[in-house]
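Structural overview for review
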Amino acid sequence: MDTDLIHLQAALDASRHSLTLSNPNPRVGCVLVAADGRVIGTGHTQQAGGPHAEVMALRDAVSRSEPTLGATAYVTLEPCSHFGRTPPCCDALLQARVARVVVACGDPNPLVAGRGLSRLREAGVPVDLMPPDSPLALAMRELNIGFFHRMERGRPWVRMKLAASLDGITALGNGQSQWITGPEARADGHAWRARACAVLTGIGTVAEDNPRLDVRELPVSRQPDLVVIDSHLRTPPDARLFEPAHGGMGRRIHIFHAVPDAAAASALAARGARLQQLPGAGGKVDLKAMIEALGQLEINELHVEAGYKLNGSLLRAGLVDELLVYLAPTLLGEGAGLAHLGALERLSDGVQLRWTDMEPVGKDIRLRATVIRRS
C-alpha cells in the first residue's frame with residue numbers, strides 16, 4: 001500500500017502541470033509502473049480536445065520503448081469511459097493491456113461517475129479506489145475544486161480576489177488604487193487568474209481603470225475568458241479588454257446585460273463579444289442566473305476582480321465561495337472598502353468565513369477563506 005501511495009503522489013504531482021492548461025477538463029495525472037517497480041511513463045491532461053493523462057503516460061512509455069503489458073496505472077481521477085472531445089481513456093488502458101489500475105478519486109461527471117471503474121473491472125482489470133476522505137483524494141478534489149463544484153452543483157467555484165490596506169481600503173476616495181500591494185502579490189494574483197476558466201469584473205472597473213485583465217506575469221498557453229457585468233451596455237467598443245491578450249492569445253469575452261440596446265450590442269458584437277441579456281430586479285443583471293449560465297459554459301473556477309459595489313452584490317446574493325485577500329502593511333484611512341454589504345442589524349448577519357490559508361507574499365500577506373453557507 002505504501003508503494004501505491006508513493007506512485008499516486010507522483011501522479012498528483014504530474015497533474016499540477018495541467019493547472020493552467022486543461023480547463024474546462026479536470027487536472028489529472030497518470031504514472032505507469034512496470035511489474036518490476038520501474039516507472040515507465042508519466043503524463044498529465046493537455047488542453048481541451050487534446051490527450052488525457054492516461055494517453056500521455058502511455059505515449060511516454062512508448063517513447064522510452066517500454067512495454068505496457070502487465071503494468072499498473074496510477075491515475076488521480078477515474079478514467080473516462082465515454083466519447084467526449086477524445087476517445088475513452090478506459091479503452092486506451094485496456095488496449096495497452098495494463099494489469100491493474102489504482103485511482104485516487106472518483107469522477108463526479110455524470111457521464112463517468114463509476115462507469116469507468118466498472119468498464120475496467122468488467123474487462124478483468126483489478127481496480128483499487130482510494131477512500132474519499134484519504135489525503136490524496138482530498139488533495140485531488142482541492143486541485144479540481146471548480147470542476148467538482150460545477151459537476152455537483154451546476155455552477156462554477158467563485159473566488160473573489162481583493163487587494164487592500166491593513167484597514168481594508170481598496171482605493172482612495174479619488175479612485176487611486178495602483179498599487180496598494182507589491183509586485184510579488186500582483187504576480188501571485190496573476191497565477192490565480194491563470195488557473196481560472198474566466199475572470200469576472202463589472203462595468204465600473206472597466207470605466208474607471210480600462211483594464212485588460214489578462215495574465216501577464218507568467219507564461220501561459222491559454223488565457224482565461226473575460227466576463228463583464230454591464231447592465232446598460234456601457235462598455236466602450238475600444239476598451240482595452242478587446243485588445244489581444246498577453247502573448248497575442250485570443251479569449252472569449254462574455255458581456256451580461258439587463259437593458260437592451262441594439263446599437264451598443266451590435267458594436268460590441270462586432271468586437272467579438274458574446275452578449276447575453278439576463279434582466280433582474282431594478283434594471284440590474286440577475287447575478288444568480290448569470291452564475292448558472294457560466295456553469296452551462298463549462299466555467300469551473302470564476303476569478304472575480306471587481307469594485308466594492310459588485311463585490312457586495314455577489315456576497316449578499318450568496319454567490320461567492322472563497323475570498324483571496326492580499327493585505328498590504330499600510331493604513332490608508334478613508335476610501336473604498338472590500339465590499340459594500342449595507343447596514344447590518346446583527347453581528348450574525350455578516351458573511352461568515354472559515355480561514356484556510358495564510359502566507360506572506362513579498363511585503364504583503366495573502367489570506368484565503370471559504371464562505372460558510374447558512375443552513
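Residues numbered from 1 in each chain as written. Predicted model: local features only at pLDDT ≥ 70, side-chain atom pairs only at ≥ 80, totals over all residues. Heavy atoms only, no water.

Let us now look at empty space enclosed by the protein. Going through the model one piece at a time under the given rule, you end up with 1 cavity of 30 Å³ or more. Considering only enclosed or pocket space, the largest cavity measures out at about 40 Å³ in volume. Around the largest cavity, the lining residues are Asn23, Asn25, Pro26, Arg27, Leu143, Asn144, Ile145, Gly146, Phe147, Asn300 and Glu301. Classifying every residue of the lining of the largest cavity by side-chain character gives 4 nonpolar, 5 polar and 2 charged. (1 Å grid on protein atoms, 1.4 Å probe; cavity = no way out; pocket = protein on both sides within 12 Å on 5 of 7 lines; lining within 4 Å. Points joined across faces, edges and corners; volume = space filled by probe spheres on them. Nonpolar A, V, L, I, M, F, W, Y, C, P; charged D, E, K, R; others polar.)

A word on helix α6 (residues 145–153). Three- or four-residue spacings in an α-helix give side chains the same orientation, since the helix completes a turn every 3.6 residues. Along α6, the residues classified as buried are Ile145, Gly146, Phe147, Phe148, His149 and Arg150. Against the buried residues of α6 lie α5 (135–143), β6 (157–165), α7 (183–195), α10 (287–296) and β11 (301–304). At the C-terminal side of α6, Gly154 shows a positive phi close to 80 degrees. (Buried < 20%, exposed > 50% of the residue type's maximum accessible area, 1.4 Å probe, protein only. Helix = DSSP H or I, 4+ residues; strand = E, 2+ residues; numbered from the N terminus. Contact = heavy atoms within 4.5 Å.)

Turning our attention to the layout of surface pockets. Of the volumes computed, that of the largest pocket is approximately 1600 Å³. Taken together, 50 residues form the lining of the largest pocket, with Thr205, Asp209, Glu305, Ala306 and Gly307 sitting closest to its centre. Elements represented by at least two residues in the lining of the largest pocket include exactly β6, α7, α8 (203–209) and α11 (308–316). Residue composition of the lining of the largest pocket, grouped by class: 17 nonpolar, 19 polar and 14 charged.

As for its position among the elements, Val206 is in helix α8. Once the C-alpha coordinates of Val206 and Gly70 are considered, the two residues, 136 residues apart in sequence, prove to be 57 Å apart. Dropping the residues within four chain positions of it, Val206 is found in contact with Thr201, Pro211, Val228, Thr235, Pro236, Ala239 and Leu241.

Let us look at the nonpolar core. By size, the foremost hydrophobic cluster in this structure holds 32 residues, and its most contacted members are Leu200, Met290, Leu302 and Leu314. Ranked by the residues each element gives to this core, the list is headed by α10, at 5 residues. Leu32, Ala53, Cys90 and Leu120 belong to the second-largest nonpolar core, a separate cluster that totals 28 residues. (Core = buried A, V, L, I, M, F, W, Y, C linked by side-chain atoms within 4.5 Å.)

It is worth spelling out the packing of aromatic side chains at this point. Scanning the entire structure with this criterion turns up 1 aromatic pair. Seen in terms of ring centroids, Phe147 and Phe148 are 6.2 Å apart; in terms of plane orientation they differ by 85 degrees. Their pairing is edge-to-face. Classification of Phe148 as buried rests on a relative accessible area of 3%. (Phe/Tyr/Trp six-rings, centres within 6.5 Å; stacked < 30°, edge-to-face > 60°.)

In this section: the sheet that holds strand β7 (residues 198–202). Paired through their backbone hydrogen bonds, the strands of a sheet run either parallel or antiparallel. On the basis of which strands lie adjacent, the open sheet formed by 9 strands has the order β10-β9-β8-β7-β11-β6-β12-β14-β13 and mixed pairing. Looking along the sheet, the strands with just one partner apiece sit at the ends: β10 (273–277) and β13 (353–361). On average, each strand axis in the sheet is tilted by 20 degrees relative to the strand beside it, whichever way the strands run. In terms of strand pairing, strand β9 (residues 253–257) meets β10 through 5 bridges, oriented parallel. Across the sheet, residue Phe256 finds its bridge partner in β10, namely Gln276. Against the sheet, α7 makes contact with β6, β7, β11, β12 (322–328), β13 and β14 (364–371), and its axis sits at roughly 165 degrees relative to β12, the strand it touches most. In this fold helix α9 (residues 262–270) packs onto β9 and β10, with an angle of close to 145 degrees to the strand it touches most, β10. (Pairing = 2+ DSSP bridges. Axes fitted to C-alpha atoms, helices over the stretch in contact; angles between N-to-C directions.)

Let us now look at unusual backbone geometry. Here the residue pair Asn23 and Pro24 is connected by a cis peptide bond, since its omega of 5 degrees sits within 30 degrees of zero. At Asn210, a residue that is not glycine, the phi angle is positive and equals roughly 45 degrees. Overall, Asn210 belongs to the partly exposed group, its relative accessible area being 29%. Backbone geometry at Glu298 places phi at a positive 65 degrees, although glycine is not the residue there. Within the secondary structure, Glu298 sits in the loop between α10 and β11.

Of all the positions in helix α4 (residues 115–122), only Gly116, Leu117 and Leu120 are classed as buried. The arc that holds every buried residue of α4, seen down its axis, measures 100 degrees, which confines them to one face. Those residues of α4 that are buried lie in contact with α3 (89–95), β4 (100–103) and β5 (127–129). Gly124, located one to two residues past α4, shows a positive phi value of around 90 degrees. (Arc of directions from axis to C-beta.)

Reading across the sheet, the 5 strands line up as β2-β1-β3-β4-β5 and stay open at both edges, with mixed pairing between neighbours. Both edges of this open sheet fall to β2 (39–44) and β5, since each of them pairs with a single strand only. Sheet twist, expressed as the average angle between the axes of neighbouring strands with direction ignored, equals 15 degrees. Helix α1 (residues 2–15) contacts β1 (29–33), β2, β3 (72–75) and β4 of the sheet and is inclined by roughly 140 degrees relative to β1. α4 contacts β4 and β5 of the sheet and is inclined by roughly 150 degrees relative to β5.

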